[in-house]
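Spelled out from the first residue to the last, the chains are:
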Amino acid sequence: QRPSKSSVAAAVSFASEEEDQPVNGWQGFSMEEARLHANEGQAKALLRTPAQVLEGLQRGNTRFWMNVASRPERSAFERRAL
């Protein structure tokens, strides 16, 4: 037996209301907060000298060839800051 349209609409409405609620009190970042965070990371990256950048690349290459990833995945904020 198929559910009625009104019961499906009520279930969808209830599900969307639940999705709008913060999870454990955390609501996330606004776009402005994300941009500020990215700008801070970019400022730190721009302070590095070419020698420091090369050293970081060489360390990463060594980790790659030794198959020892420190953390292969970065967050969207960290990627944006690069």
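Quick caveat, the model's predicted, so the values are computed rather than measured.

### What to know about the overall build of the protein
For the protein, the count of helices and strands is four helices and zero strands. In the protein, the order of α-helices and β-strands from amino to carboxyl end is α-α-α-α. Taken across its 82 residues, the protein has 4% of its residues classed as buried. Total accessible area on the protein is roughly 8000 Å²; 56% of this is exposed by carbon and sulfur atoms.

### Regarding helix H3 (residues 50-65)
Compared with an ideal rise of 1.5 Å per residue, which puts 16 residues at 22 Å, H3 spans 23 Å between its outermost C-alpha atoms and is within 8% of the ideal. Of the residues trailing H3, Asn67 is marked for its positive phi of about 60°.

### Re the environment of Ala76
You can see Ala76 is positioned in helix H4 (residues 76-81). The sequence separation of Ala76 and Ala34 amounts to 42 residues, and the corresponding C-alpha distance is 9.4 Å.

### Some thoughts on the pattern of salt bridges
In total, this model carries one salt bridge according to the counting rule given. Between Arg59 and Glu55 there is a salt bridge whose closest N-O contact spans 2.6 Å. Taken as a pair, Arg59 and Glu55 lie in helix H3 at a separation of four residues, close to a single helical turn. Taking relative accessible area as the criterion, Arg59 reaches 52% and is therefore assigned exposed.

### Focus on the environment of Asn39
With respect to the secondary-structure elements, Asn39 resides in helix H2 (residues 31-46). The exposure class assigned to Asn39 is partly exposed, which follows from its relative accessible area of 31%. Measuring from C-alpha to C-alpha, the distance between Asn39 and Arg80 comes to 8.8 Å, with 41 residues separating the pair along the chain. In terms of polar contacts, Asn39 uses its side chain to reach the side chain of Arg35, at 2.8 Å.

### Section: a nonpolar patch on the surface
A cluster of nonpolar residues, Val53, Leu54 and Leu57, forms a patch on the protein surface that exposes about 260 Å² of accessible area. Structurally, the position occupied by Val53 is in helix H3. On the accessibility criterion, Val53 (31% relative accessible area) is partly exposed.

### Re the confidence of the model for the protein
Chain-level pLDDT for the protein is 75 on average; 60% of the residues reach the 70-or-more range. The weakest mean pLDDT in the protein belongs to helix H1 (residues 5-19) at 53; the strongest belongs to H3 at 91.

Calculation rules
- Residues numbered from 1 in each chain as written.
- Predicted model: local features only at pLDDT ≥ 70, side-chain atom pairs only at ≥ 80, totals over all residues.
- Heavy atoms only, no water.
- Helix = DSSP H or I, 4+ residues; strand = E, 2+ residues; numbered from the N terminus.
- Buried < 20%, exposed > 50% of the residue type's maximum accessible area, 1.4 Å probe, protein only.
- Areas by Shrake-Rupley, 256 points an atom, 1.4 Å probe, with all protein chains shown as cover.
- Expected span 1.5 Å × (residues − 1).
- Salt bridge = Lys/Arg side-chain N within 4 Å of Asp/Glu carboxyl O.
- Polar contact = N/O pair within 3.5 Å; in protein donor to acceptor, adjacent residues only side chain to side chain.
- Patch = residues over 30% accessible without salt bridge, like charges linked within 9 Å, V, L, I, M, F, W, Y side chains within 5 Å.
- pLDDT = per-residue confidence, 0-100.

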